Amino acid sequence: QQQQQQQQIPNEGIPIGEAAEQNNNALRFEDLTIDDDLPLLERVVRYCRSGIALQRLVHVKMLAETAETVGMNATLSTLVPLLHPLVFDPESIIRQHLASQLLPLAIVCMVVLDNDNNNNYNNDDSGTVAHRLQHPTMQQHVVYNESGYKVVTSAIVSHLHALLMDVDMDVRRAASEALAGLAPQLKPHDVSNVILPIPLALSQETSAAEGGGGGSSSSSDNNNNNNN
């Protein structure tokens, strides 16, 4: 019996399943309490996996700033694996904010953010994500990490593709803006190879769906005319 109870409580101490329903009122305040003493990375990992939607939302909004704080290696090894479950989170507001975090997170994954690589600039923030977002087309100053670049052009682009097909319009809009922002951050040949096929495929799917609907309508009209 003790072992069953332990199996129902994940590491962050949030009850799941039937235990959650039974203890909901008693543990509500405890569930919503966030341990601010945790190191930033550990805190974001723990609460992005939380069974409480509010905790997930708060920490999904922190993904980009956490990525820039902890750097490329920790982002690739620890934060990127968090993304896939969040893409399919039951809460649309969480999926929407996730989509808005993916562009700056992608920059941390693939671009070597080092002021020494941008000596032609006099700005103090020339090696930051903010600078890359403001100056996306200055490719001559970009140093890519190739393994991180592959993660972006495969996993993160795949996540954006999934979010672009989301049932919620706000999620689709956020994903569309992220994908459009990612395009100038990539190597020019990858814009046509990696980015453009996504809107083209979505456009074809939309046209096919509309065509199928139109065909059914026409067929129905013809049948009505024949009956008349």
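Residues numbered from 1 in each chain as written. Predicted model: local features only at pLDDT ≥ 70, side-chain atom pairs only at ≥ 80, totals over all residues. Heavy atoms only, no water.

### Some remarks on helix α10 (residues 169-182)
Between its first and last C-alpha, α10 extends 20 Å over 14 residues, near the 20 Å set by a 1.5 Å rise per residue. What α10 keeps buried is the set Val171, Ala174, Ala175, Ala178, Leu179, Gly181 and Leu182. Relative to the axis of α10, the buried residues are bounded by an arc of 165 degrees and lie together on one face. Facing away from the buried surface of α10 by more than 90 degrees, the exposed residues are Glu177 and Ala180. (Helix = DSSP H or I, 4+ residues; strand = E, 2+ residues; numbered from the N terminus. Expected span 1.5 Å × (residues − 1). Buried < 20%, exposed > 50% of the residue type's maximum accessible area, 1.4 Å probe, protein only. Arc of directions from axis to C-beta.)

### Here we look at the packing of helix α5 (residues 63-70) against helix α7 (residues 92-110)
Viewed as axis vectors pointing N to C, α5 and α7 meet at an angle of 15 degrees, and their least axial separation amounts to 8 Å. In terms of orientation, α5 lies roughly parallel with respect to α7. Here α5 runs over α7; the crossing is right-handed. Contacts between α5 and α7 involve Leu63, Ala64, Ala67 and Glu68 from the former and Leu98, Gln101, Pro104, Leu105 and Val108 from the latter. Split by residue class, the contact of α5 with α7 holds seven nonpolar, one polar and one charged. (Axes fitted to C-alpha atoms, helices over the stretch in contact; angles between N-to-C directions. Parallel < 35°, antiparallel > 145°, perpendicular 65-115°, else oblique. Left-handed = near helix turned anticlockwise from the far one by under 90°. Contact = heavy atoms within 4.5 Å. Nonpolar A, V, L, I, M, F, W, Y, C, P; charged D, E, K, R; others polar.)

### Here we look at the side chain of Asp89
Checked against the element boundaries, Asp89 lands in the loop between α6 (72-87) and α7. A distance of 2.6 Å separates the side chain of Asp89 from the side chain of Arg56, its partner in a polar contact. (Polar contact = N/O pair within 3.5 Å; in protein donor to acceptor, adjacent residues only side chain to side chain.)

### Some thoughts on the packing of aromatic side chains
Under the criterion given, the structure shown has one aromatic pair. Each ring, one from Tyr144 and one from Tyr149, has its centre 4.9 Å from the other, and the planes form 70 degrees; the classification is edge-to-face. Here the two residues Tyr144 and Tyr149 agree in accessibility, since each one is buried. Sitting over the face of the ring of Tyr149, Lys187 holds its NZ or CZ atom 4.6 Å from the ring centroid. (Phe/Tyr/Trp six-rings, centres within 6.5 Å; stacked < 30°, edge-to-face > 60°. Lys NZ or Arg CZ within 6 Å of the ring centre and 35° of its normal.)

### A look at the nonpolar core
One finds Leu63, Leu98 and Leu182 to be the most contacted residues of the largest nonpolar core, which totals 48 residues. Those residues in contact with Leu63 that sit more than four places away from it in its chain are Val44, Cys48, Leu79, Leu83, Leu86, Leu98, Gln101 and Leu105. (Core = buried A, V, L, I, M, F, W, Y, C linked by side-chain atoms within 4.5 Å.)

### Some details on the packing of helix α4 (residues 53-60) against α7
Where α4 contacts α7, the axes come no closer than 9 Å and their chain directions differ by 15 degrees. Relative to α7, the element α4 is oriented roughly parallel. The hand of the α4/α7 crossing is left-handed. Where α4 approaches α7, its residues Ala53, Arg56, Leu57 and Val60 are matched on the opposing element by Ile93, Ile94, His97, Leu98 and Gln101. Of the residues assigned to the contact of α4 with α7, the class counts are six nonpolar, two polar and one charged.

### Examining the pattern of salt bridges
Between side chains of opposite charge, a pair can form as their charged atoms come close. Inspection of every chain in the model, using the stated rule, returns five salt bridges. For Arg43, the salt bridge goes to Asp36, with nearest N and O atoms at 3.4 Å. The closest approach of N and O atoms between Lys187 and Glu146, which form a salt bridge, is 3.1 Å. Pair noted here: Lys187 is in the loop between α10 and α11 (188-195) and Glu146 is in helix α9 (residues 146-164), with a separation of 41 residues, a long-range link. (Salt bridge = Lys/Arg side-chain N within 4 Å of Asp/Glu carboxyl O.)

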